[in-house]
Amino acid sequence: MPHWILAVAASSDSNPFQSALDFFKSPTWHFITLMFYFLLAVLWIACAYWVFKDARRRVDDKIILAVCVLTGIVFGPLGLIVYAIVRPPELVADRREQELEMQMMEQRLGEESRCSFCKTPVRDDYLVCPTCGRRLRTTCASCGKPVEPSWRVCPYCETDVHGSMPPVSVYDRA
Ligand SMILES: [Zn+2]
Ligand SMILES: [Zn+2]
């Protein structure tokens, strides 16, 4: 055995690192380790819980929701990061609201924006029906904006438009 190993072994009592080694065996270090594991467990549970809470508001499908929660439980903080990257961008409530809005818009389009004579779909600012040529609404004499037949006052410039009849020529042509 070389001399220097014997020397180190002999001088182990006076080893400057001995106090550090002792520290790692002390109850204090044991306590710190325990606290570290405890905090890690808390962090883990918090991540899983956050994933569960967030996924519940974004995912409609029960199986996908279960996969998300499992990812959070198994992979903890890492699962949370992965989930945050791949999660659906919008909330279920928002999506439902959007769908409802779309439905209402389609309904409105179906009900209102058709020529009352030939049922051609028309836009709100059309003055005459492009198919049958019937007048749908007049224009304000003052500002030129489209005015509904039922309006009494132009909402854009406050001019009285009640009773302003559509040009006869359009009716004649139809
Ligand atoms: Zn028409
Ligand atoms: Zn006007």
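Keep in mind it's a predicted model, so treat the numbers as computed, not measured.

## Some remarks on the overall build of the protein
Right, so step 1: When its secondary structure is counted, the protein shows 6 helices and 2 strands.
Right, so step 2: Reading the protein from its N terminus to its C terminus gives the helix and strand order α-α-α-α-α-β-β-α.
Right, so step 3: At a minimum sequence separation of 6, the contacts of the protein that also span at least 24 residues come to 35%.
Right, so step 4: Of the roughly 13,500 Å² that the protein leaves accessible, carbon and sulfur atoms contribute 64%.

## Some details on unusual backbone geometry
Right, so step 1: Of note, the phi angle at Lys-119 is positive, near 65 degrees, even though the residue is not glycine.
Right, so step 2: Along the polypeptide, Lys-119 turns up in the loop between helix 5 (92-112) and strand 1 (138-139).
Right, so step 3: Of note, the phi angle at Glu-158 is positive, near 65 degrees, even though the residue is not glycine.
Right, so step 4: Secondary-structure assignment places Glu-158 in the loop between strand 2 (146-147) and helix 6 (168-173).

## Some thoughts on the packing of helix 3 (residues 27-58) against helix 4 (residues 62-86)
Right, so step 1: Where helix 3 contacts helix 4, the two axes come as close as 8 Å, and the packing angle between them is 130 degrees. Relative to helix 4, helix 3 is oriented oblique. Along this stretch, helix 3 crosses helix 4, giving a crossing that reads as right-handed. Note on element contacts: helix 4 touches helix 3 through Leu-65, Cys-68, Val-69, Gly-72, Ile-73, Val-74, Phe-75, Gly-76, Pro-77, Leu-80 and Tyr-83, opposite Leu-43, Trp-44, Cys-47, Ala-48, Trp-50, Val-51, Phe-52, Asp-54, Ala-55, Arg-56 and Arg-58.

## Description of the coordination of the zinc ion (ligand 2)
Right, so step 1: Binding of the zinc ion (ligand 2) to the protein goes through Cys-140 (SG), Cys-143 (SG), Cys-154 (SG) and Cys-157 (SG), at separations of 2.2 to 2.3 Å.
Right, so step 2: Each donor residue of the zinc ion (ligand 2) belongs to the same chain, with the gaps between them written as C-x2-C-x10-C-x2-C.
Right, so step 3: With a relative accessible area of 27%, Cys-157 lands in the partly exposed category.

## Remarks on the coordination of the zinc ion (ligand 1)
Right, so step 1: Coordination sphere of the zinc ion (ligand 1), protein contribution only: Cys-115 (SG), Cys-118 (SG), Cys-129 (SG) and Cys-132 (SG), at 2.2 to 2.3 Å.
Right, so step 2: In this structure, the zinc ion (ligand 1) is surrounded by 4 donor atoms whose angles at the metal cover 103 to 117 degrees, and the resulting shape is tetrahedral.
Right, so step 3: Every donor residue of the zinc ion (ligand 1) comes from the same chain, spaced as C-x2-C-x10-C-x2-C. In this pair, Cys-118 sits in the loop between helix 5 and strand 1 while Cys-129 sits in the loop between helix 5 and strand 1, placing the two residues 11 residues apart along the sequence.
Right, so step 4: On the accessibility criterion, Cys-118 (31% relative accessible area) is partly exposed.
Right, so step 5: The class of Cys-129 is buried, set by a relative accessible area of 2%.

## Here we look at helix 3
Right, so step 1: Across its 32 residues, helix 3 extends 46 Å between first and last C-alpha, which sits within 8% of the 46 Å expected from 1.5 Å per residue.
Right, so step 2: For helix 3, the set of buried residues is Cys-47, Ala-48, Val-51, Asp-54, Ala-55 and Arg-58.

## A closer look at the side chain of Asp-54
Right, so step 1: In this structure, Asp-54 sits in helix 3.
Right, so step 2: What makes Asp-54 buried here is its relative accessible area of 6%.
Right, so step 3: There is a polar contact of 2.7 Å between the side chain of Asp-54 and the side chain of Arg-58.
Right, so step 4: Beyond its immediate stretch of four places on either side in the chain, Asp-54 contacts Tyr-83 and Arg-87.

Cut-offs applied
Residues numbered from 1 in each chain as written. Chains lettered and ligands numbered in written order. Predicted model: local features only at pLDDT ≥ 70, side-chain atom pairs only at ≥ 80, totals over all residues. Heavy atoms only, no water. Helix = DSSP H or I, 4+ residues; strand = E, 2+ residues; numbered from the N terminus. Contact = heavy atoms within 4.5 Å. Areas by Shrake-Rupley, 256 points an atom, 1.4 Å probe, with all protein chains shown as cover. Axes fitted to C-alpha atoms, helices over the stretch in contact; angles between N-to-C directions. Parallel < 35°, antiparallel > 145°, perpendicular 65-115°, else oblique. Left-handed = near helix turned anticlockwise from the far one by under 90°. Donors = N, O, S within 2.8 Å, 3.2 Å for Na, K, Ca; no water. Buried < 20%, exposed > 50% of the residue type's maximum accessible area, 1.4 Å probe, protein only. Tetrahedral: all angles 85-135°; square planar, octahedral: opposite > 155°, others 65-115°. Expected span 1.5 Å × (residues − 1). Polar contact = N/O pair within 3.5 Å; in protein donor to acceptor, adjacent residues only side chain to side chain.

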